[in-house]
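A structural walkthrough
Each chain, written out:
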Amino acid sequence: MTPDRWRQIGELYHSARERGVGVLADTDPELRREVERLLAQDSDGRILDRPAVELLEEFTATERAPGGPLGFAGQTVSHYNIQEEIGAGGMGVVYKALDTKLGRVVALKFLPPHLSHDNELRRRLSDEARAASALDHPNIVVIHDIDETSAGDVFIAMAFHEGATLREKIASGLRVQEALQIARQIASGLARAHEHGIVHRDIKPSNVIVAKDGIARIIDFGLAKSSDVTATAEGSTRGTPLYMSPEQASGRAVDSRTDLWSLGAVLYEMLAGKPAFRGETQLQVLHAVVYDDPPRLREVRPGLPGEIDAIVSRALQKDPAKRYQSAAEMVNDLSAALMALDAPTPERLGLRAVYLIPAGSSSCSRPGHPCGSTSAPRNATGHASRQCRKSPG
């Protein structure tokens, strides 16, 4: 998709909003499909004009704004005593509840009221439950049950973990080591999902929970599709612009490598403290994702090891063929980078430089140095030491 194509999409989008979709009647079929996809995602008519920063503010606000209109807090639904609302977003409202059958605390996710009778979204919520329930992995939130209220409100019951979203962790600031540990856990969870042919398609900070023990878990498989479904482009533009891969942002077919791009964008933000791709509007963000390269991480965070910069750079390759080809491969590189950070160095151990004396030589080769004298240090056998520590100065 060329820059001119993006301009045409923007112009047609605004025309369709102002004068109706009839203006698309004589448009190139492929161009019309792109505009229709955007219109289908746009509930308030402002998706392309909204400032990109609104996207971040919206995510944060929905995560922190309890007291939504569903009003289930304090009620009993099936065998769950609902205690309080703990989060809300575009795909649902989440409550903390007590499972009275098993005596455990769980999280219940409902569709928001204005979407509760949308059959397509009900189906997607059910898809999420089935997709995630098939994945037994410590870095994916466990799904316990799927049910509905007497009024037909569908919900899923999942494991509850005390902690914070990755969005909140980023806002507080992350150490390099902590960011890599979280990224490695996300990649490990994605590796399991991809092994089962499931592509998440919406990896972003608000879809990762970091528990108090440091365990990161992926949530919200509401956009997940099997690899068979993602072989076509239909519906692939659903997701979050700040973390969409170029192929997803362009409405092209996607596979598991779209998740690795998204993880690269998330890791960039964890390390830089700001998104990799920016723009005044969401359309500009999408354009940047497809055409622009973000500033190198080592420019944004001086002193960052080169191997970490290389990991993010590879994950954010525009061409999927040049990206990581599997989540397991990315796990390996993240593990190696963590080991390098933990490895002892002379500087960390506080050691001074050591000069080695060649075998067969009884003295230091440095003229006038004291270990060249007969009073040079002797080892346990009475022979001259084969090491000479450089004197300060």
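See the structure printed just above.
Residues numbered from 1 in each chain as written. Predicted model: local features only at pLDDT ≥ 70, side-chain atom pairs only at ≥ 80, totals over all residues. Heavy atoms only, no water.

1. Here we look at the overall build of the chain
Rules: The numbering of helices and of strands both runs from the N terminus, where a helix is a DSSP run of H or I of at least 4 residues and a strand a run of E of at least 2. In this scheme, a residue with accessible area under 20% of its type's maximum is buried, one over 50% is exposed, and one in between is partly exposed, where area comes from a 1.4 Å probe on protein chains only. Shrake-Rupley sampling with a 1.4 Å probe provides the accessible areas, and residues are treated as covered by the protein chains on show and by no other component.
Helix and strand counts for the chain come out as 13 helices and 13 strands. Looking at the chain as a whole, 47% of its 393 residues qualify as buried. Here the chain displays about 19,000 Å² of accessible surface, and carbon together with sulfur accounts for 51% of that area.

2. Section: unusual backbone geometry
We note that Ser78 has phi near 55°; this positive angle belongs to a residue other than glycine. Along the polypeptide, Ser78 turns up in the loop between strand E1 (76-77) and strand E2 (80-89).

3. Let's talk about the sheet that holds strand E10 (residues 216-218)
Note the cut-off: By the convention used here, strands pair only if DSSP detects at least 2 bridges between them. Interaxial angle, 0 to 180 degrees, is taken between N-to-C directions of lines fitted to C-alpha atoms, where a helix line uses only the stretch in contact. Should any heavy atoms of two residues lie within 4.5 Å, those residues are considered in contact.
Spatially, 3 strands are ordered E7-E9-E10 in an open sheet, and the strand pairing comes out antiparallel. Strand pairing shows two members of the sheet lacking a second neighbour, strand E7 (163-165) and E10, which therefore form its edges. The mean angle between the axes of side-by-side strands here comes to 25°, regardless of whether they run parallel or antiparallel. Those strands touched by helix H6 (residues 176-195) are strand E9 (208-211) and E10, and its axis lies near 35° from that of E10.

4. What about the environment of Glu247?
Cut-off, in case you're wondering: The definition of a polar contact used here is a pair of N or O atoms within 3.5 Å, where within protein one atom must be able to donate a hydrogen and the other to accept one, and adjacent residues in sequence count solely through side-chain atom pairs.
Looking at where Glu247 falls in the secondary structure, it is placed in helix H7 (residues 246-249). Look at Glu247 and you get buried, because its relative accessible area is 4%. Between the C-alpha atoms of Glu247 and Val289, which are 42 residues apart in sequence, the distance is 9.4 Å. Here the side chain of Glu247 touches Arg323 through a polar contact of 2.9 Å, side chain to side chain.

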